[in-house]
Amino acid sequence: MAFTLRQLQFFVAAAEAGSVSGAARALSISQSSVTEAIRALEDDLGVLLFDRQARGLLITHKGTAFLRHASQILADVAAARTAFRDEAEQVTGRLSLGVTSLVAGYVLSDILQRFRRAFPLIELHVIEDTGEYLQHLLIGGELDVAVLLTSSVRDRMALHVETLVVSPYRLWLPLGHQLAQQESIALEELAGRPMIQLMVDEIEESTRKLTAALPVKPEIAFRTRSVEAVRSLVATGAGLAILPSLVYRPWSLEGDRIEIRDVSGDLPSIQVGLAWRRGAPLSGPALNFVRSAQGSIQAG
């Protein structure tokens, strides 16, 4: 199997960061995605690109040689996209786009910025609603494309789904919390502790499943639909939270610090991406949006 542009992007990020974790943070994806991409590249090329060491990755001689080729390929792809920019700026049409509330604040802005810059004459209509309702609108032909949690899409026969970002769950703690002294926290250590629960999209259901098997259930100190409220409550010590790293920011609105740590065990992840109706060709504006979204994630 030939390597993909995304594998090249992950490889370059790992080479620049010197570690899988650094590349994952830079790309806002899971470490396992970076690891799998590098392993697939090495299998395809038949060479070892990195020496795995306790403190990170050390690029090999052949890895250095391949890095030059990979960087040039990504640069050529970027140049090829910009070659059609002037022509794209004359494209007109209308795009009906759906987005869930969680995705709107953390993924959509970058995608829209890129799309509007490339296609300024396309009329854009955006609706924000639940993933379930957006799927209903897609199947009914009332939306062209939706940006949502693809991990929650139920009807895969009716909808085409493409995942762009995979984000693992992490533990949020206030600065100075006793658990923050550990690099990784066992899920059992959260038993009996106050937790802040975010009630958005599939987040509430996922966190409930995570804690269901604990012998002593965490105390749900506060439930909210606001990520900013979670940030403020965690930062001031009102409780801990388990949320996707996609929505993590190190500071609350009040300027208080928030720590983040891995949780050991089999934690789920959320997948964010695109969905559109099967069996119907994408309109020109919708196809351009899909390509722009794919390019935005690769460029990020």
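Whatever comes next refers back to the structure up there.
How each quantity is defined
Residues numbered from 1 in each chain as written. Predicted model: local features only at pLDDT ≥ 70, side-chain atom pairs only at ≥ 80, totals over all residues. Heavy atoms only, no water. Helix = DSSP H or I, 4+ residues; strand = E, 2+ residues; numbered from the N terminus. Polar contact = N/O pair within 3.5 Å; in protein donor to acceptor, adjacent residues only side chain to side chain. Contact = heavy atoms within 4.5 Å. Buried < 20%, exposed > 50% of the residue type's maximum accessible area, 1.4 Å probe, protein only. Phe/Tyr/Trp six-rings, centres within 6.5 Å; stacked < 30°, edge-to-face > 60°. Lys NZ or Arg CZ within 6 Å of the ring centre and 35° of its normal.

Visitor: What should I look at first to understand the side chain of Ser96 in this one?
Guide: With respect to the helices and strands, the residue Ser96 is situated in strand β3 (residues 93-99). Only 3.0 Å separates the side chain of Ser96 from the side chain of Arg94, close enough to count as a polar contact. Ignoring sequence-local partners within four residues, the contact set of Ser96 consists of His125, Glu142, Leu143, Asp144 and Val145.

Visitor: Would you mind going over unusual backbone geometry with me for this structure?
Guide: Most peptide bonds adopt trans geometry, and most residues besides glycine take a negative phi value. One non-glycine residue, Ser28, adopts positive backbone phi at about 55 degrees. You can see Ser28 is positioned in the loop between α2 (20-27) and α3 (31-45). By relative accessible area, Ser28 is classed as partly exposed at 41%.

Visitor: When you look at the packing of aromatic side chains in this model, what are you seeing that I'm missing?
Guide: The geometry of an aromatic ring pair is captured by the separation of the ring centres together with the interplanar angle, meaning the angle of the planes. Applying the stated criterion to the full structure yields five aromatic pairs. Judged by centre distance (5.7 Å) and plane angle (75 degrees), the rings of Trp172 and Tyr248 are edge-to-face. With a gap of 76 residues between them, Trp172 in strand β6 (residues 159-174) and Tyr248 in the loop between β10 (241-244) and β11 (258-264) connect regions that are remote in the sequence. For the pair Trp172 and Tyr248, a shared accessibility class is recorded, and that class is buried. Members of the aromatic cluster, joined through ring pairs, are Phe11, Phe50 and Phe66. If you follow Arg257 out to its NZ or CZ, it ends over the ring of Trp251, 5.2 Å from the centre.

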